[in-house]
Amino acid sequence: MASENLTSTAYIKHHLQNLTFGVHPDGSWGLAHGAQEAREMGFWAIHLDTMFWSVLLGCVFLWLFRKAAKRATSDTPSGFLNFVEWVVEFIDDNVRGSFSGKNDMVAPLALTLFVWILLQNTMDLVPVDWIPWTTQKIAALFGADPRHVYMKVVPTTDPNATFGMSFAVFALMLYYSLKIKGPLGFAAELTMQPFEAKNPVLKILFMPVNLFLEGIGLLSKPVSLSLRLFGNLFAGEMIFILIALLFSGGVVLGLLGGALQWAWAVFHILIVLLQAFIFMVLTVVYLDMAHHEH
Amino acid sequence: MNINLTLFGQSIAFIVFVWFCMKYIWPPIMNALEQRKKTIADGLAAAERGKRERELGEQRATEVIKGAKGKAVEVIASAEKRGAEIVEQAKTDAKLEGERIITAARAEIEQDVQRAREALRSEVAALATAGAEQILGKEVDAAVHAKMLDELATQL
């Protein structure tokens with residue numbers, strides 16, 4: 001579906017650009033007309049597409065589950081309620097299995113993460129051009145230049161979304177570490193291991209080494225959490241985009257593209273589900289470690 | 001793919017979603033699940049209790065039936081005994097009655113005999129007197145010979 005006047009590179013670049021709203025270098029607010037402008041906006045910009053789709057999907061999740069929660073009774077569940085209960089019990093089992101502390105927030109947190117990430121990832125299965133193309137046509141009706149209308153529909157292919165979640169999880173980890181272990185306990189955890197010594201001099205000598213190792217370990221948790229999700233989904237999206245390039249290459253290539261897209265989508269369902277699950281489980285495990293006293 | 005304000009927007013959205021889920025979604029669903037678990041457990045316990053009660057009832061019924069059977073056997077035995085006793089009694093009574101009747105009849109017969117004998121005696125006395133009158137050809141004065149006649153009569 002890549003337009004005739006677009007090169008493959010431009011097509012891919014267009015698909016990888018978020019709809020950015022922010023401060024132009026000259027001080028005015030507005031949409032970025034291209035990657036260059038978006039980059040120049042620096043930190044004071046916001047990806048409207050990422051925000052829109054993730055908040056929309058989050059609201060879909062909350063709305064559906066709230067509807068089920070209102071109807072939840074001890075009677076025999078039916079249809080959708082049954083499905084929701086199945087998901088909730090699945091999450092509850094997982095949290096009970098890997099979280100040993102007592103915290104009423106962890107299970108709902110895990111449920112939100114799992115379903116929300118799953119919904120965001122699932123946007124990847126929507127053929128790559130449908131929503132951007134529709135958006136461009138609608139924007140054109142309002143007189144916008146279609147070449148500058150960007151629409152990235154999979155929020156989890158935006159590192160802002162994955163880091164946004166993992167940093168929130170990281171903040172919770174720090175908060176509960178400080179709350180449960182106390183500042184001294186947390187400091188001890190970071191400086192007294194993995195190298196331990198009875199000798200006080202050695203102990204002090206080991207401290208910077210331990211802090212370095214444990215600090216990296218601690219900081220790598222949110223980074224790996226978000227980069228894993230981002231990397232998997234970005235790669236999946238990238239392959240969908242590359243397959244979509246085939247559609248502009250004639251009937252034979254187009255049919256091949258269709259078959260490939262179908263095959264990759266089937267395989268991608270696994271990644272979509274698995275990455276949501278891994279993010280959820282690791283978050284629960286990290287929070288469990290934060291609750292663990294030594 | 002620049003890191004920008006979206007990061008904070010996502011974090012805030014995430015926190016709000018988690019808060020909402022924790023407040024309005026998780027508790028009602030978990031409550032319903034817990035309640036259902038309890039209902040099912042109660043139902044199973046009630047079924048178990050019902051089964052046990054039925055077993056107990058059956059046991060009690062068997063016992064009652066066994067008791068009733070024993071009692072019936074007892075009643076029958078005692079009734080038989082009583083019947084035999086009654087029959088025995090009746091036999092004895094009948095025997096006694098028969099003997100009494102026989103005795104009474106004998107007494108009556110004796111009396112009749114006695115009476116007949118008396119009558120015969122007086123008749124014989126009269127006949128003897130008449131015979132003697134005829135033989136002697138004269139009237140025997142009954143009053144004069146009364147003593148003799150009485151002696152005769154007693155001899156008969």
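Residues numbered from 1 in each chain as written. Chains lettered and ligands numbered in written order. Predicted model: local features only at pLDDT ≥ 70, side-chain atom pairs only at ≥ 80, totals over all residues. Heavy atoms only, no water.

1. A look at the overall build of chain A
Of the regular secondary structure elements, chain A holds nine helices and three strands. Its helices and strands taken in sequence order, chain A reads α-β-β-α-β-α-α-α-α-α-α-α from the N to the C terminus. Principal-axis analysis of the C-alpha atoms places the extent of chain A at approximately 75 × 60 × 40 Å. When each of the 294 residues of chain A is scored for burial, the buried share is 47%. (Helix = DSSP H or I, 4+ residues; strand = E, 2+ residues; numbered from the N terminus. Buried < 20%, exposed > 50% of the residue type's maximum accessible area, 1.4 Å probe, protein only.)

2. With respect to helix α4 (residues 79–98) of chain A
The end-to-end C-alpha distance of α4 of chain A is 29 Å, a good match for the 28 Å that 20 residues give at a rise of 1.5 Å each. Each element contacted by the buried residues of α4 of chain A is listed here: α3 (48–71), α5 (106–122) and α9 (250–291) of chain A together with α1 (6–136) of chain B. (Expected span 1.5 Å × (residues − 1). Contact = heavy atoms within 4.5 Å.)

3. Some thoughts on the pairing of strand β1 (residues 20–23) of chain A
Residues and elements named next belong to chain A. With three bridges joining them, β1 and strand β3 (residues 45–47) adopt antiparallel strand pairing. Its bridge partner lying in β3, Gly22 is registered against Ala45. Pairing of β1 with strand β2 (residues 29–31), which is carried by three bridges, proceeds in the antiparallel orientation. From the neighbouring strand, Val23 faces β2, where its bridge partner is Trp29. (Pairing = 2+ DSSP bridges.)

4. Digging into the nonpolar core
If you look at the biggest cluster of nonpolar residues, it comprises 66 residues, and the most contacted ones within it are Phe65, Val88, Ile91 and Leu111 of chain A together with Phe14 of chain B. Mapped onto this core, the elements with two or more residues apiece are α3, α4, α5, α7 (159–191), α8 (200–245) and α9 of chain A together with α1 of chain B. Excluding its chain neighbours within four sequence positions, the residues that come into contact with Val88 of chain A are Phe65 and Leu111 of chain A together with Trp26, Ile29, Met30 and Leu33 of chain B. (Core = buried A, V, L, I, M, F, W, Y, C linked by side-chain atoms within 4.5 Å.)

5. Some points on the pattern of salt bridges
By the definition in use, this model includes 10 salt bridges over all chains. When the shortest N-O distance is used, the salt bridge between Glu85 of chain A and Arg36 of chain B registers 2.9 Å. Within this pair, whereas Glu85 of chain A is found in helix α4, its partner Arg36 of chain B is found in helix α1, the two belonging to separate chains. Both residues of the pair, Glu85 of chain A and Arg36 of chain B, count as buried. (Salt bridge = Lys/Arg side-chain N within 4 Å of Asp/Glu carboxyl O.)

6. Focus on the packing of helix α1 (residues 8–15) of chain A against α8 of chain A
All names here are of chain A. Axis separation between α1 and α8 bottoms out at 10 Å; the angle between their running directions is 145°. In this structure, the crossing between α1 and α8 has a hand that is right-handed. For the pair formed by α1 and α8, the contact residues are Ser8, Tyr11, Ile12 and His15 on the first element and Met238, Ile241, Leu242, Ala244 and Leu245 on the second. Class assignment of the residues belonging to the contact of α1 with α8 gives a composition of seven nonpolar, two polar and no charged. (Axes fitted to C-alpha atoms, helices over the stretch in contact; angles between N-to-C directions. Left-handed = near helix turned anticlockwise from the far one by under 90°. Nonpolar A, V, L, I, M, F, W, Y, C, P; charged D, E, K, R; others polar.)

7. Remarks on a nonpolar patch on the surface
The grouping of Phe195, Val209, Phe212, Leu213 and Ile216 of chain A at the surface amounts to a nonpolar patch, some 460 Å² of accessible area in total. Its place among the elements puts Leu213 of chain A in helix α8. (Patch = residues over 30% accessible without salt bridge, like charges linked within 9 Å, V, L, I, M, F, W, Y side chains within 5 Å. Areas by Shrake-Rupley, 256 points an atom, 1.4 Å probe, with all protein chains shown as cover.)

8. Concerning the interface of chain B and chain A
Taken together, the 30 residues of chain B in the interface contact 55 residues of chain A. Between chain B and chain A, roughly 3,800 Å² of surface is buried when both sides are summed, and carbon and sulfur atoms account for 74% of that area. Between chain B and chain A we count 10 residue pairs in polar contact (both at pLDDT 80 or more) in total. Partitioning the side of chain B that touches chain A into residue classes produces 21 nonpolar, eight polar and one charged. (Buried area = accessible area lost by both parts, 1.4 Å probe. Polar contact = N/O pair within 3.5 Å; in protein donor to acceptor, adjacent residues only side chain to side chain.)

9. Looking at the sheet that holds β3 of chain A
Residues and elements named next belong to chain A. In space, the three strands of this open sheet follow the order β2-β1-β3, with antiparallel pairing throughout. Taken across any chain shown, the strands that pair with only one partner, and hence form the sheet edges, are β2 and β3. On average, each strand axis in the sheet is tilted by 15° relative to the strand beside it, whichever way the strands run. Here α3 sits on the sheet in contact with β1, β2 and β3, set at roughly 45° to β3.

10. Looking at the packing of aromatic side chains
Here the structure, examined in full by the defined rule, presents 19 aromatic pairs over all chains. Taken together, the aromatic side chains of Phe43 and Trp44 of chain A together with Phe8 of chain B make up a single cluster linked through ring pairs. (Phe/Tyr/Trp six-rings, centres within 6.5 Å; stacked < 30°, edge-to-face > 60°.)

11. Digging into the side chain of Glu189 of chain A
Relative to the helices and strands, Glu189 of chain A is located in helix α7. Polar contacts involving the side chain of Glu189 of chain A include one to the side chain of Lys181 of chain A, which spans 2.8 Å.

12. Here's the deal with the confidence of the model for chain B
Per-residue confidence for chain B averages 89 on the pLDDT scale, and 95% of its residues sit at or above 70. Predicted as a complex, the structure gets a pTM of 0.75 and an ipTM equal to 0.88. (pLDDT = per-residue confidence, 0-100.)

13. Quick look at the state of the cysteines
When the sulfur atoms of two cysteines share a covalent bond, that bond is a disulfide. Taken as a whole and assessed by the stated rule, the structure comprises zero disulfides over all chains. For the unlinked cysteine Cys59 of chain A, the closest cysteine sulfur is that of Cys21 of chain B, found at 13 Å. Accessibility expressed as a relative area gives 40% for Cys59 of chain A, which makes it partly exposed. The exposure class of Cys21 of chain B is buried, given its relative accessible area of 0%. (Disulfide = S-S within 2.5 Å.)

14. Here's the deal with the packing of α8 of chain A against α9 of chain A
All names here are of chain A. Look at α8 against α9: their axes get within 10 Å of each other, and the N-to-C directions meet at 175°. Overall, the two elements α8 and α9 adopt an arrangement that is roughly antiparallel. Looking at the contact of α8 with α9, its residues break down into 15 nonpolar, nine polar and two charged. (Parallel < 35°, antiparallel > 145°, perpendicular 65-115°, else oblique.)

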